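Given next are the chains, with one letter for each unit.
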Amino acid sequence: VRRPMVGAMLLLSTATLWAWHLPAAYDAALADTGIYWAMQLTLLASAVAFWRALIAAPAPAGLLGAVGGMAQMGMLGSLLTFAPAPLYSAHLATTVAWGMGPLQDQQLGGLIMWVPGMLPYAAAAAWLARRAWRQVAAA
């Protein structure tokens, strides 16, 4: 029962994350407080569901879930980093105060998702591998 749960929660959290990163959805969330909080709540709920399933899963299923989570985060981060133009109109006029253009801001956000954003998945994979190793050693 737990193995499909990890996969299902990975799909749910991935779909939620990617859907909110579609330009129309992201810009709508930044333009409306209600949509913004809907985005935050759905991202949080899907992430909690995924991480709970991942931690409770047997090590092989959990490791696959962690690797899948790492892959999707890296892919989204790389798409944002290497996009040839800014994707989000909400940031077209907000980044100058920080000394960067909207494309540079998007690239920085993509790099943060790509590299540090994958670290929790790597830590979870290491923890699950250690847990599996201990179970094998104890048997």
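Notes on the structure follow. (Residues numbered from 1 in each chain as written. Predicted model: local features only at pLDDT ≥ 70, side-chain atom pairs only at ≥ 80, totals over all residues. Heavy atoms only, no water.)

All right, on to the side chain of D27 then. Among the secondary structure elements, D27 is positioned in helix α2 (residues 23-31). No salt bridge is formed by the buried D27; the nearest opposite charge belongs to R52, separated by 32 Å. At 3.1 Å, the side chain of D27 forms a polar contact with the backbone nitrogen of A90. (Helix = DSSP H or I, 4+ residues; strand = E, 2+ residues; numbered from the N terminus. Buried < 20%, exposed > 50% of the residue type's maximum accessible area, 1.4 Å probe, protein only. Lys, Arg positive; Asp, Glu negative; His and termini not counted. Salt bridge = Lys/Arg side-chain N within 4 Å of Asp/Glu carboxyl O. Polar contact = N/O pair within 3.5 Å; in protein donor to acceptor, adjacent residues only side chain to side chain.)

What follows deals with the nonpolar core. F50, L54 and M113 are the most contacted members of the largest nonpolar core, which totals 20 residues. Take this core: its biggest share by element is five residues, from helix α4 (residues 59-82). Not counting residues within four places of it along the chain, the set of residues in contact with F50 comprises V6, M9, L10, S13, G65 and Y121. (Core = buried A, V, L, I, M, F, W, Y, C linked by side-chain atoms within 4.5 Å. Contact = heavy atoms within 4.5 Å.)

Bringing α2 into the picture now. The complete set of buried residues in α2 reads Y26, D27 and A29. The buried residues of α2 all sit within an arc of 155° when viewed along its axis, so they share a single face. For α2, the exposed residues set more than 90 degrees away from the buried face come down to A24 and A31. (Arc of directions from axis to C-beta.)

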